[in-house]
Amino acid sequence: MSSPSFDPIQGKQAFDTLLPRYKAMPVESLSVVNADAGLVAVAALGLSARASEPKLLARYKSLPASEFDASLVALLPTAAWACWYAATEDQKARALSTEAKLPVELVQKALAIEARMQACCEYHLNDHPEVGPYLAMLRGGTGHRDLAADLLGYASVYRDHYDALSIDKKHFRSTDADDAVKVAEEILATLGARLGPEARAAADDLARAFTLLLDTYEEIASAGRWLLRHEPAPEKTFPSLFSVVRSRAGGRGKKKPEPAPAGPTGG
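The rules behind each value
- Residues numbered from 1 in each chain as written.
- Predicted model: local features only at pLDDT ≥ 70, side-chain atom pairs only at ≥ 80, totals over all residues.
- Heavy atoms only, no water.
- Helix = DSSP H or I, 4+ residues; strand = E, 2+ residues; numbered from the N terminus.
- Buried < 20%, exposed > 50% of the residue type's maximum accessible area, 1.4 Å probe, protein only.
- Contact = heavy atoms within 4.5 Å.
- Areas by Shrake-Rupley, 256 points an atom, 1.4 Å probe, with all protein chains shown as cover.
- Salt bridge = Lys/Arg side-chain N within 4 Å of Asp/Glu carboxyl O.
- Core = buried A, V, L, I, M, F, W, Y, C linked by side-chain atoms within 4.5 Å.
- Phe/Tyr/Trp six-rings, centres within 6.5 Å; stacked < 30°, edge-to-face > 60°.
- Lys NZ or Arg CZ within 6 Å of the ring centre and 35° of its normal.

A.B. asks: Even after reading the chapter, I still don't get the overall build of the chain, so can you show me in this structure?
C.D. replies: Per the secondary structure count, the chain includes twelve helices and zero strands. Written out in order from the N terminus, the α and β elements of the chain read α-α-α-α-α-α-α-α-α-α-α-α. A burial count over the chain gives 45% of its 267 residues as buried. Contacts in the chain between residues far apart in sequence, at least 24 positions, make up 82% of those at least 6 positions apart. Accessible surface computed for the chain: about 14100 Å², of which carbon and sulfur atoms make up 54%.

In structure tokens, the structure reads:
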């Protein structure tokens with residue numbers, strides 16, 4: 001899959017087209033941006049061409065409207081362009097703002113929880129066809145926002161795969177999922193309070209564009225895998241977006257924890 005050249009005009013037009021839909025999205029429905037949204041948009045844009053092929057598109061349109069909205073196929077490339085545009089605007093806004101400093105104790109607590117959850121998840125679920133690529137995305141990145149997003153991601157994995165993880169005697173703690181959410185929310189609240197209005201607006205726009213793109217692609221991919229269920233490996237035609245991003249990046253090693261800022265020295 002080749003990467004299209006980013007066209008800021010086309011990206012803004014796509015974003016503006018979807019803006020009314022973004023504004024109608026409830027805050028509680030928004031996904032945490034826990035991957036490189038620009039790369040996710042590139043992956044979705046490439047995969048949208050497959051869904052739009054005439055024969056497959058006709059099969060999508062043959063599905064009952066109560067079961068599948070065939071207009072999503074046409075929406076996907078627009079959602080991808082809009083997400084790409086939102087990602088670039090978010091990067092610009094972040095470049096103009098300084099990340100807030102966090103209390104040493106909070107950073108250390110977050111890193112300790114993340115280390116345990118990462119070790120537990122990767123030991124038991126690294127080869128899982130759906131969870132494995134997602135864990136690979138959680139490994140990369142630096143910065144406090146990334147740390148908060150990772151904690152929320154691991155908490156979600158813990159809740160979805162509690163039975164598989166709770167047997168771990170070394171790293172699993174029954175309180176980690178709830179603690180991860182609390183610490184992540186504290187980190188995000190502290191950082192958000194220090195962002196300027198433009199940076200906050202850009203972050204909100206990106207969350208909405210990212211959520212709509214993921215939701216749209218997954219609807220199309222799930223239906224496509226079913227339509228192609230008699231073909232060999234339909235999941236390769238419509239893979240997880242996280243797995244595509246991982247393969248394009250060549251995989252990532254284990255994350256090196258960001259050192260906590262030095263605390264005051266005693267006198």
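Back to the text.
A.B. asks: Is there a simple way to explain the pattern of salt bridges in this structure?
C.D. replies: Two side chains that carry opposite charge are able to pair once their charged atoms sit near each other. In this structure the tally under the stated criterion is seven salt bridges. The salt bridge partner of R50 is E53, with a shortest N-O separation of 2.6 Å. In this structure R50 comes out as partly exposed when scored by relative accessible area, which is 24%. When its relative accessible area of 37% is taken as the criterion, E53 is described as partly exposed. In this structure, E89 and K92 form a salt bridge, with 3.2 Å as the shortest nitrogen-oxygen distance. Highlighted residues: E89 and K92, both in helix α4 (residues 71–95), separated by three residues, approximately one helical turn. Judged by its relative accessible area of 51%, K92 is exposed.

A.B. asks: What am I meant to see in the nonpolar core here?
C.D. replies: Of all hydrophobic cores here, the largest spans 80 residues; its most connected members are Y60, I187, L213, I220 and F238. It is α4 that contributes the most residues to this core, 13 residues altogether. In contact with I220, other than residues within four places in its own chain, are A51, Y60, F68, L72, V73, L76 and F238.

A.B. asks: Help me understand unusual backbone geometry, please; the structure alone is not making it clear to me.
C.D. replies: Comment: phi is negative for the bulk of residues other than glycine, and the bulk of peptide bonds are trans. If you check the backbone angles, A233 has positive phi at about 50 degrees while not being a glycine. Within the secondary structure, A233 sits in the loop between α10 (197–227) and α11 (234–237).

A.B. asks: Help me out: how do you make sense of the packing of aromatic side chains in this one?
C.D. replies: Geometry of an aromatic ring pair is reported as the spacing of the ring centres plus the angle between the planes. Under the counting rule described, the total for this entry stands at six aromatic pairs. On the numbers, 5.3 Å between centres and 45 degrees between planes, the contact of F15 with Y22 is tilted. On the accessibility criterion, Y22 (2% relative accessible area) is buried. On the numbers, 5.4 Å between centres and 20 degrees between planes, the contact of Y158 with F172 is stacked. Residue Y158 is found in helix α7 (residues 144–160), and its partner F172 is found in the loop between α8 (162–165) and α9 (176–194); the two are separated by 14 residues along the sequence. As far as burial versus exposure is concerned, Y158 and F172 are alike and both buried. Through a chain of ring-to-ring contacts, three or more aromatic side chains come together here, namely F15, Y22 and Y85. Over the ring of W226 we find R229; its NZ or CZ atom is 3.8 Å from the centre of that ring.

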